[in-house]
Amino acid sequence: RKEVEQDPGPFNVPEGATVAFNCTYSNSASQSFFWYRQDCRKEPKLLMSVYSSGNEDGRFTAQLNRASQYISLLIRDSKLSDSATYLCVVRAGGYQKVTFGTGTKLQVIP
Amino acid sequence: DAGVIQSPRHEVTEMGQEVTLRCKPISGHNSLFWYRQTMMRGLELLIYFNNNVPIDDSGMPEDRFSAKMPNASFSTLKIQPSEPRDSAVYFCASNPGTSGSANTGELFFGEGSRLTVL
């Protein structure tokens, strides 16, 4: 079983739609969780951290369920510019070892 | 502020040749990571350093791969001899590497080195 698993997609959604991605992780000792965004042929960049109580940043909402070991990302009112691959990232260990999921591709269609 | 700087951005080489990829982390960052990204396997951690010391190199594919960090501002990833299956994008990333609330855990990536081995 992979340490971090994501549905690769692609998710093709119309502009204005709401879309949700899930991610599961296997290491119950994982400490920190993040969503990164990667545009085509670019480097990954932090989108948002994921906190235990859930957190929101504009149109983006992240949730963490430690009991079930999954993380979610909700995007409301999708924009064309949201088209990208979204990477789920889990951190464990004192030396900041981080593991990336393989990513979920989102394509927002006009 | 300068981000993580990688070179070369693109490299095309023939099988059997030596390849050296370079990385300059963000100044003041104490942790440095080398990742490889392919369509099939996504982002894979190859090795990471803390305070110039290799902490975990379990992701290094085999003896053909080696990484060094001679000082806080420079790291290299070397492949010798290179093989077609090494073709990928190699990313370097850095992080402050300090504990406490000041470190959000964010990794700052360079733009990557796209390697093609013919």
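Just so it is clear, the model here is predicted, and its values are computed rather than measured. (Residues numbered from 1 in each chain as written. Chains lettered and ligands numbered in written order. Predicted model: local features only at pLDDT ≥ 70, side-chain atom pairs only at ≥ 80, totals over all residues. Heavy atoms only, no water.)

A few words now on the interface of chain B and chain A. Reports of interface size often rely on the accessible area that becomes lost once the parts have come together. Across the boundary between the two partners, chain B contributes 25 residues, which contact 16 residues of chain A. Contact between chain B and chain A buries roughly 1700 Å² in total, counting both sides, with carbon and sulfur atoms accounting for 54%. Put simply, chain B and chain A have 0 salt bridges between them. At the boundary of chain B and chain A, one finds 3 residue pairs in polar contact (both at pLDDT 80 or more). Looking at the side of chain B that touches chain A, the elements with two or more residues in it are β4 (31–38), β5 (42–50), β6 (53–56) and β9 (88–95) of chain B. Per-element accounting of the side of chain B that touches chain A gives the leading share, 5 residues, to β5 of chain B. Split by residue class, the side of chain B that touches chain A holds 9 nonpolar, 11 polar and 5 charged. (Contact = heavy atoms within 4.5 Å. Buried area = accessible area lost by both parts, 1.4 Å probe. Salt bridge = Lys/Arg side-chain N within 4 Å of Asp/Glu carboxyl O. Polar contact = N/O pair within 3.5 Å; in protein donor to acceptor, adjacent residues only side chain to side chain. Helix = DSSP H or I, 4+ residues; strand = E, 2+ residues; numbered from the N terminus. Nonpolar A, V, L, I, M, F, W, Y, C, P; charged D, E, K, R; others polar.)

On inspection of all chains with the given rule, the structure shows 12 aromatic pairs over all chains. Linked through ring pairs, Phe 34, Tyr 36 and Phe 100 of chain A together with Phe 33, Tyr 35, Tyr 48, Phe 91 and Phe 109 of chain B together constitute an aromatic cluster. (Phe/Tyr/Trp six-rings, centres within 6.5 Å; stacked < 30°, edge-to-face > 60°.)

With that settled, consider the side chain of Ser 75 of chain B. Residues and elements named next belong to chain B. For Ser 75, the location among the structural elements is in strand β8 (residues 74–79). In this structure the side chain of Ser 75 is engaged in a polar contact, spanning 2.9 Å, whose partner is the side chain of Trp 34. In this structure, Ser 75 is in contact with Leu 21, Arg 22, Cys 23, Leu 32, Trp 34, Phe 49, Lys 68 and Met 69, ignoring residues within four places of it in sequence.

By the definition in use, this model includes 2 disulfides over all chains. Between the sulfur of Cys 23 of chain A and that of Cys 88 of chain A lies a disulfide, 2.0 Å long from S to S. On the S-S bond that ties Cys 23 of chain A to Cys 88 of chain A, the torsion sits near -75 degrees, and the link is left-handed. Of this pair, Cys 23 of chain A sits in strand β3 (residues 19–25) while Cys 88 of chain A sits in strand β9 (residues 84–92), and the two are 65 residues apart along the sequence. The burial state of Cys 23 of chain A is the same as that of Cys 88 of chain A; both residues are buried. Between the sulfur atoms of Cys 23 of chain B and its disulfide mate Cys 92 of chain B the distance is 1.9 Å. Taking the sign of the S-S torsion, about -65 degrees here, the bridge from Cys 23 of chain B to Cys 92 of chain B comes out left-handed. (Disulfide = S-S within 2.5 Å. Buried < 20%, exposed > 50% of the residue type's maximum accessible area, 1.4 Å probe, protein only.)

To continue, consider the side chain of Ser 113 of chain B. Residues and elements named next belong to chain B. Following the sequence through the fold, Ser 113 ends up in strand β11 (residues 113–117). The exposure class of Ser 113 is buried, given its relative accessible area of 1%. Within the structure, Ser 113 has its side chain in polar contact with the backbone oxygen of Pro 8 (distance 2.6 Å). Not counting chain neighbours up to four residues away, the residues in contact with Ser 113 comprise Gln 6, Ser 7, Pro 8, Arg 9, Leu 21, Ala 88, Val 89 and Tyr 90.

Turning our eyes to something else, we now look at the sheet that holds strand β7 (residues 65–71) of chain B. Residues and elements named next belong to chain B. Within the open sheet, the 4 strands sit side by side as β1-β3-β8-β7. Their pairing is antiparallel. Lying at the two open borders of the sheet, with one neighbouring strand each, are β1 (5–7) and β7. Within this sheet the neighbouring strands show an average axis-to-axis angle of 15 degrees, counted without direction. (Pairing = 2+ DSSP bridges. Axes fitted to C-alpha atoms, helices over the stretch in contact; angles between N-to-C directions.)

Let us now look at the pairing of β9 of chain B. Residues and elements named next belong to chain B. Judged by how many residues are buried, β9 sits mostly within the fold: 8 of 8 residues are covered. Neither face of β9 is exposed, since Ala 88, Tyr 90, Cys 92 and Ser 94 on one face and Val 89, Phe 91, Ala 93 and Asn 95 on the opposite face are all buried. Bridge analysis of β4 against β9 gives 7 bridges, and the strand direction is antiparallel. Among the inter-strand pairings, Leu 32 is bridged to a residue of β9, identified as Ser 94. By the bridge criterion, 2 bridges tie β9 to strand β10 (residues 108–109) in an arrangement that is antiparallel. Pairing of Ala 93 across the sheet is with Phe 109, part of β10.

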